[in-house]
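# Descriptive structure summary
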Amino acid sequence: MHVEFPAGFLWGVATAAFQVEGSTTADGRSPSIWDTFCARPGAVKNGDTGDPAADHYRRMPDDVALMRELGVGAYRFSLAWPRVRPDGGEVNPAGLDFYERLVDTLLAEGITPWPTLYHWDLPHALEERGGWTNRDTAYRFADYTAAVLDRLGDRVSTWTTLNEPWCSAFLGYGSGRHAPGRTEPRAAVAAAHHLLLAHGLGAEVVRSTAAENRVGITLNLFPVSPADPDSAEDREVARRVDGVQNRLFLDSVLRGRYPDDVLADLEPFGLRDVVLTGDEAVIGGTDFLGVNYYRDHYVSAVPNGKSGPASEWVGAEHVSFPKRGLPQTDSGWDVNAEPLTGLLLTLHTDYPRVPLYITENGVAYADVVDEDGRIDDTDRIAFVEQHLRAAHRAVEQGVDLRGYFYWSLLDNFEWAEGYAKRFGLVHVDYGTQRRTPKASAAWYSRVMADNGLAGRG
Ligand code: FCB
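Residue positions are given per chain, counted from 1 along the sequence in the order it is written. Only residues with pLDDT of at least 70 are given local features in this predicted model, and only at 80 or more are side-chain atom pairs given and counted; all residues enter the totals for whole chains, interfaces and linings. The basis for every side-chain value is the complete set of heavy atoms in the structure, and neither hydrogens nor water enter the calculation.

## Points about the packing of aromatic side chains
For this analysis, a ring pair means two rings from Phe, Tyr or Trp (six-membered ring only for Trp) whose centres lie within 6.5 Å, classed as stacked if their planes differ by under 30 degrees, edge-to-face if by over 60, and tilted for the remaining angles. One pass over the structure, following the stated rule, counts 36 aromatic pairs. Relative to Phe413, the ring of Trp34 lies with its centre 6.2 Å away and its plane at 80°, an arrangement referred to as edge-to-face. Of this pair, Trp34 sits in helix 2 (residues 33–38) while Phe413 sits in the loop between strand 11 (401–407) and strand 12 (426–429), placing them 379 residues apart in sequence. Neither residue differs from the other here; Trp34 and Phe413 are each classed as buried. With a centroid separation of 6.1 Å and 50° between ring planes, the pair formed by Trp333 and Phe423 is classed as tilted. With a gap of 90 residues between them, Trp333 in the loop between strand 9 (297–299) and helix 14 (339–350) and Phe423 in the loop between strand 11 and strand 12 connect regions that are remote in the sequence. What links up through ring pairs into an aromatic cluster is the set Phe18, Trp34, Phe37, Trp120, Phe413, Trp415, Tyr419 and Tyr430. Comment: elements are numbered from the N terminus, with helices defined as DSSP H or I runs of at least four residues and strands as E runs of at least two. The classification of residues rests on relative accessible area computed with a 1.4 Å probe and restricted to protein chains. Under 20% of the type maximum is buried, over 50% is exposed, and intermediate values are partly exposed.

So this is what it looks like as structure tokens:
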């Protein structure tokens, strides 16, 4: 079957500031929570840090030229708050200069800039004042947003506030697998609310800048299923995991209120204490939704054997994730494209409708550079093809899906996994910073040009 996406479908690639830029001390940038976290022994694999990453800060013009050669329609990148307002304080014009050059270079090449304001790199100085557990951080985010819009608001009309606030809150303050590495369930819950509040306050700033502006949020959504549908215990952990992973964010942003069952689940962890009158109205409302999809969750109430409070599953700390014998990525994630169709349909039918974009989907595999220097990543091509087919099945059923961004353009710093996991369409040799497009880059280039999987399958 010929798989063609709707006319005007946006084809893109994604990166994030801390993962690709490097140059972490250039032009007045202050440390972020990720710089501090990387310095903590054992926090990041091999002691890797945000330098050199893919040296994108210095090689940006070449990287944009590469995107043009591939025929990329839109570039999803993030801005580093610690470049724009070092230590969360005064505006640093030199930090904004980089993003202005990036936007202008993209526009000159006919590539749509798709900026995200926050992709996890909080200025460390704000963490010292409580980070996302401190309500004031949401107001600082609004100030930071205003500084960015002041410089770039005349050239960019589509903005995303946050990338995956679930990770910032629950991996950052719950399990501590991500920066700032705290392991306090109450802190994770407070952080989740303050991140959502930051989304709402930031969105108000974006909208007040120009009437035609569109502002959205990107969530990492996982369809959740109980390992044994006949087990009440498995169904209960599935409900709880779905609650903190998906509905806490979806319902607040799309419906303007937290779900009653999640409010009850998180009451012992202080959710009701941090939600002030009027907050939910501020959070509610988005012009579009970015969906990051990598896999689903298959959950069991059989205890995972871990002890202690360090869990991202606040209120379901003992949940386990049994293996189903599915193929695995190099990240150890199940490959399962099919639930993406149902996820998109659920968003379309169960929630107030907004345009949807897949803002991330992609895969790390152990790429092999052959003796001619080529990377024949047929496994990555198969992965993306399966996911595009799954997304297209949703489009056929009426879902308003308007774009797809591959994660990532370049191999980069994969958070706690360091440089070991390679997600790029383009291979990066970190010693020389040489870029080598993988076979998947040429394949994806054709997909973008054909607006789908022309004549295949
Ligand atoms: C997502 C992140 C992104 C990248 C991919 C693999 O959760 O948003 O930065 O690390 O996973």
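## Re the packing of helix 7 (residues 136–152) against helix 9 (residues 185–209)
Their axes nearest at 8 Å, the elements helix 7 and helix 9 cross at an angle of 30°. The pairing of helix 7 with helix 9 is recorded here as roughly parallel in orientation. Seen from above, helix 7 lies across helix 9 with right-handed handedness. Taking contact as the criterion, the partners of Ala138, Tyr139, Phe141, Ala142, Thr145, Ala146 and Leu149 in helix 7 are, on helix 9, His194, Leu197, Ala198, Leu201, Gly202, Val205, Val206 and Thr209. Of the residues assigned to the contact of helix 7 with helix 9, the class counts are 11 nonpolar, 4 polar and no charged. Comment: axis = line fitted to C-alpha atoms, over the contacting stretch for helices; angle = value between 0 and 180 degrees taken between N-to-C directions. Should an angle fall under 35 degrees it is called roughly parallel, over 145 degrees roughly antiparallel, and 65 to 115 degrees roughly perpendicular, with every other angle called oblique. Crossing handedness follows the turn of the near helix against the far one: under a right angle anticlockwise gives a left-handed crossing, and clockwise gives a right-handed one. Any pair of residues with heavy atoms lying within 4.5 Å of one another is described as a contacting pair. Any residue outside Ala, Val, Leu, Ile, Met, Phe, Trp, Tyr, Cys, Pro, Asp, Glu, Lys and Arg is labelled polar, Gly included; the first ten of those are nonpolar and the last four are charged.

## Quick word on the site of the ligand
A molecule or strand has a residue near it when one of that residue's heavy atoms lies within 4 Å. In the vicinity of the ligand, the contacting residues are Gln19, His119, Trp120, Asn163, Glu164, Tyr294, Glu360, Trp407, Glu414, Trp415 and Phe423. The contact in question runs from an oxygen atom of the ligand to an N or O atom on the side chain of His119, over 2.8 Å. In protein, a polar contact requires one atom able to donate a hydrogen and another able to accept it; more generally it is a pair of N or O atoms within 3.5 Å, and residues adjacent in sequence count only if both atoms are side-chain atoms. Measuring from an oxygen atom of the ligand, one finds a side-chain N or O atom of Trp415 at 3.0 Å. Calculation of accessible area relied on Shrake-Rupley with a 1.4 Å probe; when residues are assessed, cover is drawn exclusively from the protein chains displayed. Here the ligand, which alone exposes 290 Å², has 94% of that area covered by the protein. Counted by class, the shell around the ligand contains 5 nonpolar, 3 polar and 3 charged residues.

## Let's talk about the side chain of Asp367
On the secondary structure map, Asp367 appears in the loop between strand 10 (356–360) and helix 15 (378–396). At a separation of 3.1 Å, a polar atom in the side chain of Asp367 contacts the side chain of Arg380. Those residues in contact with Asp367 that lie beyond four places of it in its chain are Ile375, Asp377, Arg380, Arg422 and Lys438.

## Points about helix 5 (residues 93–108)
Here the expected length of a helix is defined as 1.5 Å per residue gap, with one fewer gap than residues. The end-to-end C-alpha separation of helix 5 is 22 Å, in line with the 22 Å expected for 16 residues at 1.5 Å each. Of the residues flanking the end of helix 5, it is Gly110, one or two places downstream, whose phi is positive at about 75°.

## Topic: the pattern of salt bridges
Whenever a carboxyl oxygen of Asp or Glu lies within 4 Å of a side-chain nitrogen of Lys or Arg, that contact is scored as a salt bridge. Enumeration according to the criterion identifies 41 salt bridges in this entry. The partner of Asp372 in a salt bridge is Arg374, with the nearest N and O atoms 3.4 Å apart. Here Asp372 matches Arg374 in class, with each residue exposed. One salt bridge connects Glu417 with Lys421, and the closest N-O pair in it is separated by 3.9 Å. Relative accessible area serves as the criterion here: at 27%, Glu417 is assigned to the partly exposed category. A residue is classified by how much of its surface remains accessible, and Lys421, at 12% relative accessible area, is buried. Ionic contacts of the salt-bridge type, sharing partners, join the residues Glu236, Arg239, Arg240, Asp242, Arg247, Asp261 and Asp265 into one network.

## Regarding helix 14
If you check helix 14, its first and last C-alpha atoms are 16 Å apart, about what 12 residues at 1.5 Å a residue would give, namely 16 Å. Of the positions making up helix 14, those classed as buried are Pro339, Leu340, Thr341, Leu343, Leu344, Leu347 and His348. Buried-residue contacts for helix 14 involve helix 10 (232–255), strand 8 (288–292), strand 10, helix 15 and strand 11.

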